[in-house]
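Spelled out, the chains give:
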Amino acid sequence: MVRAYATPVSERVWQPDDAAKLRIRELVADFSIEITPATAAKHPALADLLPAGTRVYVAFVPGEDHRSVAATAARVRGEGLVPVPHFPARSIVDRAQLNDYLRRVTAEAGVDEVLVIGGGIDLPRGAFAGTQALLETGLFEAHGIHTIGLAGHPEGQQELSAPGAATTLQQKLAYARQSAAGARLVTQFMFEAEPLLAWERMIRAQGSHLPIHVGVPGPATVKSLLNYARLCGVGNSMRVLTRQAGNLFKLASLSYPDALITALAWHRASDPGCRIERLHFYPFGGLARTARWIEGIRAGGFTLDEDGMGFTVDGAAE
């Protein structure tokens, strides 16, 4: 196993005991996870992999058709899971398409939670340059959406060429204050804790009381993680991966986010005002592998490292 994640914050003093295990289990217990329609199609029974009631975010990747996302959301609901479809502003052509997409996911999949994001492309396909323009239509509230996830960027956003594409945190907070829907922040995936913890403290000081769902990569090879990090523009914390990618053996080895999760669990336990609510997993190493690893944690089947800075899930494959 390669620990490609930075160790928890240095000031931590947390003994590897039952209380520490409980804090980790509590953080992981109500996790969410992300899939694409293509990923879902590879698995005939998602309910065999995920606990009933798990929030499953259905990604609307560039080039995808909103109808296939809606159909996948309906399948997720049918398997006893909770679909949370993505609404990428720059991939949605106009108000009519947005309205049709919302109609489909609410009527066919019972959706009342969504994730609204910029969308991973620089130039919009149509009328919406960024998140704010999508939110200002009022259509989410009109269709009965009661919770809207908004993107959090602890390491900053990639430079976008479309005017008005970037929506600031203050704009998101202003929207959350006036909207009838509740809001949460869902972050990009991370490889180390400290930037996330510094960002969490900063936005709290700026007046944000929104719950934070922290993006965590599931177990995957270092090579896969590097590729996704470059693709998604997660730059700053890539150094903890590149330090481990010095040879082909390490590139092919699995990396686990145990140190990151341990640090987040400690932060929640030590700071009563912490707004970190749950973890949102990106299964870059495969949905089944990630689901098995998470279930091991939820069941308590893991052993804390002697230094208290990480853990090993029983039976985790190399």
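Conventions adopted
Residues numbered from 1 in each chain as written. Predicted model: local features only at pLDDT ≥ 70, side-chain atom pairs only at ≥ 80, totals over all residues. Heavy atoms only, no water. Helix = DSSP H or I, 4+ residues; strand = E, 2+ residues; numbered from the N terminus. Buried < 20%, exposed > 50% of the residue type's maximum accessible area, 1.4 Å probe, protein only. Contact = heavy atoms within 4.5 Å. Areas by Shrake-Rupley, 256 points an atom, 1.4 Å probe, with all protein chains shown as cover. Pairing = 2+ DSSP bridges. Axes fitted to C-alpha atoms, helices over the stretch in contact; angles between N-to-C directions. Salt bridge = Lys/Arg side-chain N within 4 Å of Asp/Glu carboxyl O. Polar contact = N/O pair within 3.5 Å; in protein donor to acceptor, adjacent residues only side chain to side chain. Right-handed = clockwise from strand over helix to strand, strands pointing away.

Asks: What should I look at first to understand the overall build of the chain in this one?
Replies: A tally of helices and strands in the chain yields 13 helices and twelve strands. In the chain, which comprises 318 residues, the share counted as buried stands at 54%. Intrachain contacts of the chain at a sequence separation of at least 6 include 81% that bridge at least 24 residues. Looking at the chain as shown, the accessible area adds up to about 13,000 Å², and 52% of this sits on carbon and sulfur atoms.

Asks: Which parts of the structure should I look at to understand the environment of G119?
Replies: Tracing the chain through its elements places G119 in the loop between strand 4 (113-117) and helix 5 (131-135). On a C-alpha basis, the gap between G119 and F87 in space is 7.8 Å, while along the polypeptide they are 32 residues apart. Setting aside anything within four residues of it in sequence, one finds G119 in contact with P62, P88, R90 and S91.

Asks: What exactly am I supposed to notice about the pairing of strand 7 (residues 212-217) here?
Replies: The side chains of a regular strand alternate, residue by residue, between the two faces of the sheet. Counting buried residues in strand 7 gives six out of six residues, a clear majority hidden from the surface. Of the two faces of strand 7, the one carrying I212, V214 and V216 and the one carrying H213, G215 and P217 are both buried. As paired elements, strand 6 (residues 182-189) and strand 7 share three bridges and run parallel to each other. Looking at the pairing, L185 lines up with I212 of strand 7.

Asks: Help me understand the sheet that holds strand 3 (residues 82-88), please; the structure alone is not making it clear to me.
Replies: Backbone hydrogen bonds are what pair the strands of a sheet, in a parallel or an antiparallel way. Spatially, 1-2-3-4-5-6-7-10 is the arrangement adopted by the eight strands of the closed barrel, whose pairing is parallel. Neighbouring strand axes in the sheet, compared pairwise and without regard to direction, differ in orientation by 30° on average. Inspection of the sheet shows strand 7 paired to strand 10 (residues 276-282) by six bridges, in the parallel sense. Bridge assignment links G215 to a residue of strand 10, and that residue is H280. Along the sheet, helix 12 (residues 258-270) makes contact with strand 7 and strand 10, crossing strand 10 at roughly 165°.

Asks: When you look at the pattern of salt bridges in this model, what are you seeing that I'm missing?
Replies: Once the charged atoms of two side chains with opposite charge are near each other, the side chains can pair. Overall, the coordinates contain 15 salt bridges when judged by the stated rule. Salt-bridge contacts for D100 lead to R104; the nearest nitrogen and oxygen are separated by 2.8 Å. Linking D100 with R104, this pair stays in helix 4 (residues 95-109), spanning four residues, or about one helical turn. Between R104 and E108 there is a salt bridge, with the nearest N and O atoms lying 4.0 Å from each other.

Asks: Even after reading the chapter, I still don't get the environment of R184, so can you show me in this structure?
Replies: Looking at the secondary structure, you find R184 in strand 6. Along the sequence, R184 and P211 sit 27 residues apart, while their C-alpha atoms lie 5.1 Å from each other. Those residues in contact with R184 that sit more than four places away from it in its chain are R55, Y57, E113, T147, I148, G149, L150, P211 and H213. In this structure the side chain of R184 is engaged in a polar contact, spanning 3.0 Å, whose partner is the side chain of E113.

Asks: Help me understand the pairing of strand 3 in this model?
Replies: Burial analysis of strand 3 places seven of its seven residues in the buried class, which makes it a mostly covered element. The side-chain alternation of strand 3 yields two buried faces, one formed by V82, V84, H86 and P88 and the other by P83, P85 and F87. Direction of pairing for strand 2 (residues 55-58) relative to strand 3: parallel, over a ladder of four bridges. Among the inter-strand pairings, V56 is bridged to a residue of strand 3, identified as P83. For the crossover from strand 2 across helix 3 (residues 66-78) to strand 3, the handedness is right-handed. Alignment of strand 3 against strand 4, held across three bridges, turns out to be parallel. Within the sheet, the bridge partner assigned to F87 lies in strand 4 and is V116.

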